[in-house]
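Results of the structural survey
In case you want the letters, here they are:
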Amino acid sequence: MFENVRADLRAYEGQWWCQGFWVMLVYRFGRWRYGVRPVLLRKAFSLVYKVLFKLIQILTGIELPCEATVGRNFIIDHFGGIVISGYARFGDNCRIRNGVVVGLKSVGEPGVPVLGDNVDIGAGAKVLGDIRIGNNVVIGANAVVLTDVPDDCVAVGVPATIKQRYPEPLNITARIAGGATPQFGNGDPSVPGGNPDQDGGIISGPNRPSDRQ
């Protein structure tokens, strides 16, 4: 437990007064108590955990039960209105903000989200149901995510639409080989530099006409 707490404190850059760190401290204690062997002692620790859990919930407005699984460097930015299901799972380096809900889509559908590594969830977002959120995903503020999100994507809107986070790089070599790259200076080797406009003229550079119509 103590190593996890030290790692959490490093993740919060030593700012022990952050409400998110308080939540993680109680969370780590709740997880640790499962390993206590004497039954009576474990029950006593369980009572302490329940009191601390309710107290931290009142003080911060954050509900993170110890039954949930979170990875390393889990950051809770700001506080208030955050509800995480006890069945939810987070990978490493995830970040959530105020107003975020991660849990059931409805009472009749018990499945909850499983989130990968490097997931950033904006303020007010809702991630609901038996879905999978991939690695390196950004969920926009106030988005409502009800479907799977692949790796390296952005989910925005209500209901959320999914877009690629990192578009494919432009293949300049292929464009030149296919003849798609325009010739600068209208293809005249005697014209020194400049950028072509839509009809092949010079729109910048030393040879631009001063009053071209």
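Described below are features of the structure shown in this document. Note that the structure is predicted; figures quoted are calculated from it, not measured.

A count of helices and strands for the protein gives 4 helices and 15 strands. Counting across all 213 residues of the protein, residues that qualify as buried make up 37%. Put simply, of all contacts in the protein between residues at least 6 apart along the chain, 25% involve residues at least 24 apart. Accessible surface, the protein: about 12700 Å² in total, of which carbon and sulfur atoms supply 57%.

Of the consecutive residues valine 158 and proline 159, the connecting peptide bond is found in the cis state with omega at -15°. Topologically, proline 159 is positioned in the loop between β12 (153-156) and β13 (161-164).

Relative to the helices and strands, aspartate 77 resides in the loop between β2 (75-76) and β3 (82-84). Of the polar contacts made by the side chain of aspartate 77, one reaches the side chain of arginine 95; its length is 2.8 Å. Ignoring any residue separated from it by four or fewer positions in sequence, one finds aspartate 77 in contact with Arg95, Ile96, Arg97 and Asn98.

Look at helix α2 (residues 19-32) against helix α3 (residues 39-60): their axes get within 10 Å of each other, and the N-to-C directions meet at 160°. By the criterion of interaxial angle, the relationship of α2 to α3 is roughly antiparallel. Relative to α3, the crossing made by α2 is left-handed. Along the contact surface, α2 presents Gln19, Trp22, Val23, Val26, Phe29, Gly30 and Trp32, while α3 presents Phe45, Val48, Tyr49, Leu52, Phe53, Ile56 and Thr60. Residue composition of the contact of α2 with α3, by class: 11 nonpolar, 3 polar and no charged.

Thresholds applied
- Residues numbered from 1 in each chain as written.
- Predicted model: local features only at pLDDT ≥ 70, side-chain atom pairs only at ≥ 80, totals over all residues.
- Heavy atoms only, no water.
- Helix = DSSP H or I, 4+ residues; strand = E, 2+ residues; numbered from the N terminus.
- Buried < 20%, exposed > 50% of the residue type's maximum accessible area, 1.4 Å probe, protein only.
- Contact = heavy atoms within 4.5 Å.
- Areas by Shrake-Rupley, 256 points an atom, 1.4 Å probe, with all protein chains shown as cover.
- Polar contact = N/O pair within 3.5 Å; in protein donor to acceptor, adjacent residues only side chain to side chain.
- Axes fitted to C-alpha atoms, helices over the stretch in contact; angles between N-to-C directions.
- Parallel < 35°, antiparallel > 145°, perpendicular 65-115°, else oblique.
- Left-handed = near helix turned anticlockwise from the far one by under 90°.
- Nonpolar A, V, L, I, M, F, W, Y, C, P; charged D, E, K, R; others polar.

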